[in-house]
Amino acid sequence: MLACILAISLVLLATDVLAARLPFPVLPGGNMAFLEVQSIRERRFSHIVQQQTDFSCGAASLATVLREAYDFDVNEQMVIEGMLAGADQNIVRTQGFSMLDMKRYVEAIGLRARGYRIAPAGLQHLRVPAVVLQEVRGYKHFVVLLRSDEQHVYVGDPVLGHKRYSLEEFVQGWNGIVFAVIGPGYNRLNALLDPPEPLTAKERIDAFQPVRDAELMEFGFIQSDFF
């Protein structure tokens, strides 16, 4: 049975198949058990809204936060249409959406938006997923900052999926600002706060724990948001 499980693992690492229930024999007589598996691509984009157009990284990142942290039934296209309603469409066509466009949309759907300038050393104290702007090879790109520790920053990239950067590498392309969505209905157990470790990790240290009210209130939540 161990050989069968190892074979399944090798297949999953070598291919990009869709999630499935794979059967394998476990008892004499041919009785079968089923193992739920996930493709590498599905793992890479788990809980992340994938960007579909050239300039929609902001919409996809915001949709990720709204879906996972607030259980909003939205997709990238819905967020694009909502942000276009209050944006300069000529600028959007050439430069994409801005944080101001996101702020207007977030407030239009009944939530609040806050922008914070944070020192790199303070990133590990961020307790909510936030949208951040990175510059990669001269291109500005919105991603979701999921969590960070003293050495690494975990990002949900709408193009690349889950990524882990060294703190130094992340800071080189980051403008120092985080855009946080706050308001009622926040799911403090949302999956964005516990991103998957790279498949090459030798061990999994699970540092995830629920966020306390006091920590959320430091980022602009108020007591009534918790009821």
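Everything numeric here is computed off the predicted structure, so don't read it as measured data. (Residues numbered from 1 in each chain as written. Predicted model: local features only at pLDDT ≥ 70, side-chain atom pairs only at ≥ 80, totals over all residues. Heavy atoms only, no water.)

Considering the overall build of the protein chain
Here is the rule: Segments assigned H or I by DSSP are reported as helices when at least four residues long, segments assigned E as strands when at least two residues long, and all are numbered from the N terminus. Accessibility here uses a 1.4 Å probe with only protein chains present; expressed as a share of the type maximum, an area under 20% marks a residue as buried, one over 50% as exposed, and anything in between as partly exposed. Working rule for contacts: check all heavy atoms of both residues, and any pair within 4.5 Å makes them a contact. Computed with the Shrake-Rupley method and a 1.4 Å probe, the accessible areas treat only the protein chains shown as cover for residues.
A count of helices and strands for the protein chain gives eight helices and eight strands. Counting across all 227 residues of the protein chain, residues that qualify as buried make up 41%. In the protein chain, of all internal contacts separated by at least 6 residues, the share reaching a separation of at least 24 is 59%. Accessible surface, the protein chain: about 12,800 Å² in total, of which carbon and sulfur atoms supply 55%.

What about the nonpolar core?
Quick note on the threshold: Take the buried residues of types Ala, Val, Leu, Ile, Met, Phe, Trp, Tyr and Cys, join any two whose side-chain atoms come within 4.5 Å, and each joined set is a nonpolar core.
L62, L123, F170, F179 and V181 are the most contacted members of the largest nonpolar core, which has 59 residues in total. Broken down by element, the residue count for this core peaks at nine residues, all from helix α3 (residues 57-70). The contact partners of L123, leaving out residues within four places of it in the chain, are I118, L145, S148, V153, L167, F170, W174 and V178.

Looking at unusual backbone geometry
With a phi close to 70°, H47 is a non-glycine residue in the positive phi region. Take H47: it is sitting in the loop between α2 (40-44) and α3. Under the relative-accessibility criterion, H47 is labelled partly exposed at 42%. Positive phi is not limited to glycine here, since D71 has a value of about 60°. Tracing the backbone shows D71 in the loop between α3 and α4 (76-84). When its relative accessible area of 56% is taken as the criterion, D71 is described as exposed.

Quick word on the environment of E218
With respect to the secondary-structure elements, E218 resides in the segment after α8 (213-217). Of the residues examined, E218 reaches a relative accessible area of 62% and is grouped as exposed. Between the alpha carbons of E218 and L126 there is a distance of 9.5 Å; along the sequence they are 92 residues apart.

Let's talk about the pattern of salt bridges
Spelled out, the test is: By definition, a salt bridge exists where a carboxyl oxygen of Asp or Glu is found within 4 Å of a side-chain nitrogen of Lys or Arg.
Evaluated as defined, the whole model comprises three salt bridges. Across the salt bridge formed by D225 and R112, the nearest N and O atoms sit 2.8 Å from each other. With D225 in the segment after α8 and R112 in strand β3 (residues 112-117), the pair connects residues that are 113 residues apart, well separated along the chain. Overall, the relative accessible area of 7% leaves D225 in the buried class. On the basis of relative accessible area, R112 is assigned to the partly exposed category, the value being 26%. With a shortest N-O distance of 3.2 Å, K140 and E135 are connected by a salt bridge. According to the relative accessible area criterion, K140 is exposed, its value standing at 59%.

Considerations on the side chain of Q134
Turning to its location among the elements, Q134 is positioned in strand β4 (residues 130-136). Look at Q134 and you get buried, because its relative accessible area is 4%. With residues near it in sequence (within four places) discarded, Q134 still touches Y139, K140, H141, V143, Y165, F170 and G173.

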